[in-house]
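Observations on the model geometry
Here's the letter readout for the chains.
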Amino acid sequence: MGDASTGKQHKHHHHKDGKIPVAEVAAQTRKTSKGQTTSTVEPSDAKDKQRAKGVSIVKQPNFYTDRRITAAEFQRRHTWLQKTRISVSQSKNRCRITNEVKFPETFNGLYSARFSPNGEVFAASFGTGGIQVRNGETGDLKATLRSSMESSFPVMCCRFNPSRTEIFYASSACGNIFACTTNTYEFSRFIVEPKNEINTIDVNITGEHLVSAGKDAAIRLYDIETTKMISNYRKNAADVLEDKVNKYHRMRVFAVRFHHGQENVFISGGWDDTVRIWDTRASLGSVRVIKGPHICGDAIDARDSRILTGSWVVSGSLQLWDMTSGKLIETVSPQNRPTTLDGEFLYTVQFFDGDPYGDTVLCGGSGTSAVEVISLRDKKVMGSFHVNKAIVALDSNRSAIVFGGMESVIRLADYS
């Protein structure tokens, strides 16, 4: 057999249906205008047909087949990918869980966790009214100061006294504020606010004053030594003048925070979409108001002249404000945070204690499924701790972090 025959058989062998594609049809003869016989191959596609007719072709770029990159570009992309991988792995390594402590589901969640000033212990309070003292490093239980009871209200907030560091205060939705000690494990009722739910408290830097707020929208200032109320900041039903009404909260308050460097200044926020700045020397209401933040938890902090707020909103929840002017400095939207349909919805934020420059903040809530460590300067999530349920309790002491919420576990972590 000749070569052509062999070739045909070979081609037939590769097509099970016995048909030969057009592109593989043997050369066919046709006569030219001069009567000569020529052999031509049938063009396999439209471009070849156009070439056969002498038509010039402008090649259109094809994204899928013509993606050729230079060696330099390839190297640049490779270098970027390696740097990104190293950066991600390093940030993950900087965030590590050091201990996890489970508690009974019947406790109905962790509402507050607060380190003592030296970090050796932390106070924990729960949804069914329990108050505990736990080891600051391991999370092990040291003492139960108040037992959880099914019929009891949540203990919403715990705060240590900066000048008497063995004492902390705990406020309850039943209207009580309790005084507790971490050395003798004593527990007593400190102040009662009838018919109120006390969502939040704080103590000033000198340890002389305690401020409380909650359901009735009033802000109360107490003398810690005498337990007597010094001021009650609340709108009066008789006040109809707009400027007077505007100096007080109108709805539930969920956060109060004394300034860390000014003993007379504190900040509050709640459901009425305002954050208010108060001075204990001024008796006629707040001295400045910030409009916007929707505060639903322990989501206000201050550092120098900046106020940090975390709003329970779908996006743009983390914001920095200027304390002097009350104006927005910026809305912090980390550029590397994965997008999610669940939104942000922050319940708790604070400046990270391990960063003396005030560039790093912590936040948690019910949308991001994580406690995040965020750099304000770089606008990036520097690390995060995955969680399964809403986070409402969060604190840091140097590089140590404690957090929890509606999941029946307290997590101790480190970010260094």
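Residues numbered from 1 in each chain as written. Predicted model: local features only at pLDDT ≥ 70, side-chain atom pairs only at ≥ 80, totals over all residues. Heavy atoms only, no water.

1. Describing the overall build of the chain
For the chain, the count of helices and strands is four helices and 30 strands. Buried positions account for 45% of the 416 residues belonging to the chain. Considering only intrachain contacts with a sequence separation of at least 6, the fraction spanning at least 24 residues in the chain is 45%. For the chain, the exposed surface amounts to about 22,500 Å²; the carbon and sulfur share of it is 50%. (Helix = DSSP H or I, 4+ residues; strand = E, 2+ residues; numbered from the N terminus. Buried < 20%, exposed > 50% of the residue type's maximum accessible area, 1.4 Å probe, protein only. Contact = heavy atoms within 4.5 Å. Areas by Shrake-Rupley, 256 points an atom, 1.4 Å probe, with all protein chains shown as cover.)

2. A closer look at empty space enclosed by the protein
The method is simple in principle: a probe with the dimensions of a water molecule rolls over the atoms, and the space it marks as empty is what remains. In the structure shown here, the tally under the stated rule is one cavity of 30 Å³ or more. In this model, the largest cavity occupies a volume close to 40 Å³. Tallied by class, residues from the lining of the largest cavity come to two nonpolar, one polar and five charged. (1 Å grid on protein atoms, 1.4 Å probe; cavity = no way out; pocket = protein on both sides within 12 Å on 5 of 7 lines; lining within 4 Å. Points joined across faces, edges and corners; volume = space filled by probe spheres on them. Nonpolar A, V, L, I, M, F, W, Y, C, P; charged D, E, K, R; others polar.)

3. Re the pairing of strand 23 (residues 328-331)
Summarising the sheet, strand 22 (residues 318-322) and strand 23 pair through three bridges and their orientation is antiparallel. Pairing of Leu320 across the sheet is with Glu330, part of strand 23. (Pairing = 2+ DSSP bridges.)

4. Considerations on unusual backbone geometry
Both trends apply: most residues other than glycine have a negative phi, and most peptide bonds are in trans. The backbone phi angle of Thr227 is positive, close to 65°, even though this residue is not glycine. Locating Thr227 in the fold gives a position in the loop between strand 14 (219-223) and strand 15 (229-233).

5. So, the nonpolar core
Judged by nonpolar contacts, the single largest core of 26 residues is most densely connected at Ile267, Ile307 and Leu318. Looking at this core, the elements with two or more residues in it are strand 16 (253-258), strand 17 (265-270), strand 18 (274-279), strand 20 (300-303), strand 21 (306-310), strand 22, strand 24 (346-351) and strand 25 (360-365). Beyond its immediate chain neighbours, meaning those up to four positions away, Ile267 contacts Ala255, Val256, Arg257, Val275, Arg276, Ile277, Trp278, Ile300, Ala302, Ile307 and Met323. (Core = buried A, V, L, I, M, F, W, Y, C linked by side-chain atoms within 4.5 Å.)

6. Remarks on the pairing of strand 9 (residues 167-172)
Within a regular strand, side chains alternate between the sheet's two faces. Counting buried positions over the six residues of strand 9 gives six, a clear majority of the element. Relative to strand 9, strand 8 (residues 155-160) is paired through five bridges, and the arrangement is antiparallel. Within strand 9, the position partnered with Cys158 by the bridge is Ala170. Between strand 8 and strand 9, which pair antiparallel and follow one another directly, the connecting turn spans six residues.

7. Considerations on the side chain of Arg159
Following the sequence through the fold, Arg159 ends up in strand 8. Exposure remark for Arg159: the relative accessible area of 3% places this residue in the buried category. A polar side-chain atom of Arg159 sits 3.4 Å from a polar atom in the side chain of Asp202. Of the polar contacts made by the side chain of Arg159, one reaches the side chain of Asp298; its length is 3.0 Å. When residues no more than four places from it in sequence are discounted, the contact partners of Arg159 are Arg114, Phe168, Tyr169, Ile201, Asp202, Arg257 and Asp298. (Polar contact = N/O pair within 3.5 Å; in protein donor to acceptor, adjacent residues only side chain to side chain.)

8. Quick notes on the sheet that holds strand 27 (residues 380-386)
Taken in spatial order, the four strands of this open sheet run 24-25-26-27, and their pairing is antiparallel. Of all the strands in the sheet, just strand 24 and strand 27 have a single pairing partner and so form its edges. Pairwise comparison of adjacent strand axes, ignoring direction, gives a mean angle of 20° for this sheet. Across four bridges, strand 25 lies against strand 26 (residues 370-375) in antiparallel orientation. (Axes fitted to C-alpha atoms, helices over the stretch in contact; angles between N-to-C directions.)

9. Thoughts on the pattern of salt bridges
Scanning the model with the defined rule gives 19 salt bridges in all. Asp216 is the salt-bridge partner of Arg220, the closest N and O atoms lying 2.7 Å from each other. With relative accessibility at 24%, the residue Asp216 sits in the partly exposed group. For Asp279, the salt bridge identified is with Arg281, shortest N-O distance 2.7 Å. Each of Arg114, Arg159, Asp202, Arg257, Asp298, Asp301 and Asp395 takes part in salt bridges that share partners, so that together they form one network. (Salt bridge = Lys/Arg side-chain N within 4 Å of Asp/Glu carboxyl O.)

10. Quick word on the sheet that holds strand 4 (residues 110-115)
Here we have four strands laid out as an open sheet, ordered 4-5-6-7, and antiparallel in their pairing. In the strand order of this sheet, the two ends are held by strand 4 and strand 7 (141-146), each with one partner. Strand-to-strand, the axes of this sheet are offset by a mean angle of 20°, without reference to chain direction. Of the strand pairs in this sheet, strand 6 (residues 131-135) and strand 7 are connected by four bridges, and their pairing is antiparallel. Counted as the bridge partner of Arg134 is Leu141 from strand 7.

11. A few points about the environment of Thr128
If you trace the backbone, Thr128 turns up in the loop between strand 5 (121-126) and strand 6. Between the C-alpha atoms of Thr128 and Phe153, which are 25 residues apart in sequence, the distance is 5.6 Å. Beyond its immediate sequence surroundings of up to four residues, Thr128 is in contact with Thr106, Phe107, Asn108, Ser147, Ser148, Met149, Glu150, Ser152 and Phe153.

12. Let's talk about a positive patch on the surface
On the surface, Arg234, Lys235, Arg250 and Lys291 cluster together to form a positively charged patch. Relative to the helices and strands, Lys291 is located in strand 19 (residues 288-291). Judged by relative accessible area, Lys291 falls into the exposed class, the value being 65%. (Patch = residues over 30% accessible without salt bridge, like charges linked within 9 Å, V, L, I, M, F, W, Y side chains within 5 Å. Lys, Arg positive; Asp, Glu negative; His and termini not counted. Charge placed at Lys NZ, Arg CZ, Asp CG, Glu CD.)

13. As for the confidence of the model for the chain
Across the chain, the average pLDDT comes to 86, with 78% of residues at or above 70. For residues 1-43, every residue scores under 50 in pLDDT, and the model assigns this stretch 27 contacts once sequence neighbours within four places are set aside. (pLDDT = per-residue confidence, 0-100.)

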